[in-house]
Amino acid sequence: MKTVLVVDDERDMLELVRYRLEQEGYTVLTADSGESALELARTETVNAVILDLMMPGIDGLEVLRLLRAQPAGAGLPVILLTAKSEEADRVVGLELGADDYVVKP
């Protein structure tokens, strides 16, 4: 079974994404901060990451950069799920190595 790490500091969004992924048969790990996301990515087998950008502490772009710097994270699919809808934000996220960029409804 595939495991997805969902990272968002908004509890409602975290639970919504978790619920939908579990409905599709995925195992879901959740983190509400960049720090805890990096710890889970280091200690658990993760097949993909859904990552919010705007979080206190280590933000999503820094999490993405740090994940990509690790051998295990270099090829890990990462989808940015964020409220930031500006074209410049999308470009930065994709240039840092995100596989896709989805704007929150």
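Fair warning: this is a prediction, and the values are worked out from it, not measured in the lab.

What counts, and at which threshold
Residues numbered from 1 in each chain as written. Predicted model: local features only at pLDDT ≥ 70, side-chain atom pairs only at ≥ 80, totals over all residues. Heavy atoms only, no water. Helix = DSSP H or I, 4+ residues; strand = E, 2+ residues; numbered from the N terminus. Buried < 20%, exposed > 50% of the residue type's maximum accessible area, 1.4 Å probe, protein only. Polar contact = N/O pair within 3.5 Å; in protein donor to acceptor, adjacent residues only side chain to side chain. Contact = heavy atoms within 4.5 Å. Salt bridge = Lys/Arg side-chain N within 4 Å of Asp/Glu carboxyl O. Pairing = 2+ DSSP bridges. Right-handed = clockwise from strand over helix to strand, strands pointing away.

A. Local environment of the side chain of Arg68. Within the secondary structure, Arg68 sits in helix H3 (residues 60–69). Arg68 gets classed as buried once you look at its relative accessible area, which sits at 18%. In terms of polar contacts, Arg68 uses its side chain to reach the backbone carbonyl oxygen of Leu76, at 2.6 Å. Among all residues touching Arg68, those that are not within four sequence positions of it are Gly73, Ala74, Gly75, Leu76, Val78, Leu96, Gly97, Ala98 and Asp99.

B. Geometry of the pattern of salt bridges. Counted by the stated rule, this structure contains ten salt bridges. A salt bridge links Asp8 to Lys104; its shortest N-O distance comes to 2.8 Å. In this pair, Asp8 is assigned in the loop between strand E1 (3–7) and helix H1 (11–23) and Lys104 in the segment after strand E5 (100–103), connecting sequence segments 96 residues apart. Since its relative accessible area comes to 11%, Lys104 is described here as buried. Of the charged contacts in the structure, one is a salt bridge between Arg68 and Asp99, with a shortest N-O distance of 3.1 Å. Of this pair, Arg68 sits in helix H3 while Asp99 sits in the loop between helix H4 (87–95) and E5, placing them 31 residues apart in sequence. Residues joined by salt bridges that share partners form a network here, namely Arg11, Glu15, Arg18, Glu22 and Asp32.

C. Highlighting the pairing of strand E4 (residues 78–82). Most of E4 sits inside the fold, with four of its five residues counted as buried. Two elements, strand E3 (residues 48–51) and E4, share three bridges in a ladder whose sense is parallel. By the bridge assignment for E4, Ile50 is matched with Ile79. Following the backbone out of E3, through H3 and into the adjacent parallel E4, one traces a crossover that is right-handed. Here four bridges tie E4 to E5, and the two strands are oriented parallel to one another. The partner of Leu81 across the bridge, within E5, is Val102. Each parallel crossover has a hand, and for E4 linked through H4 to E5 it is right-handed.

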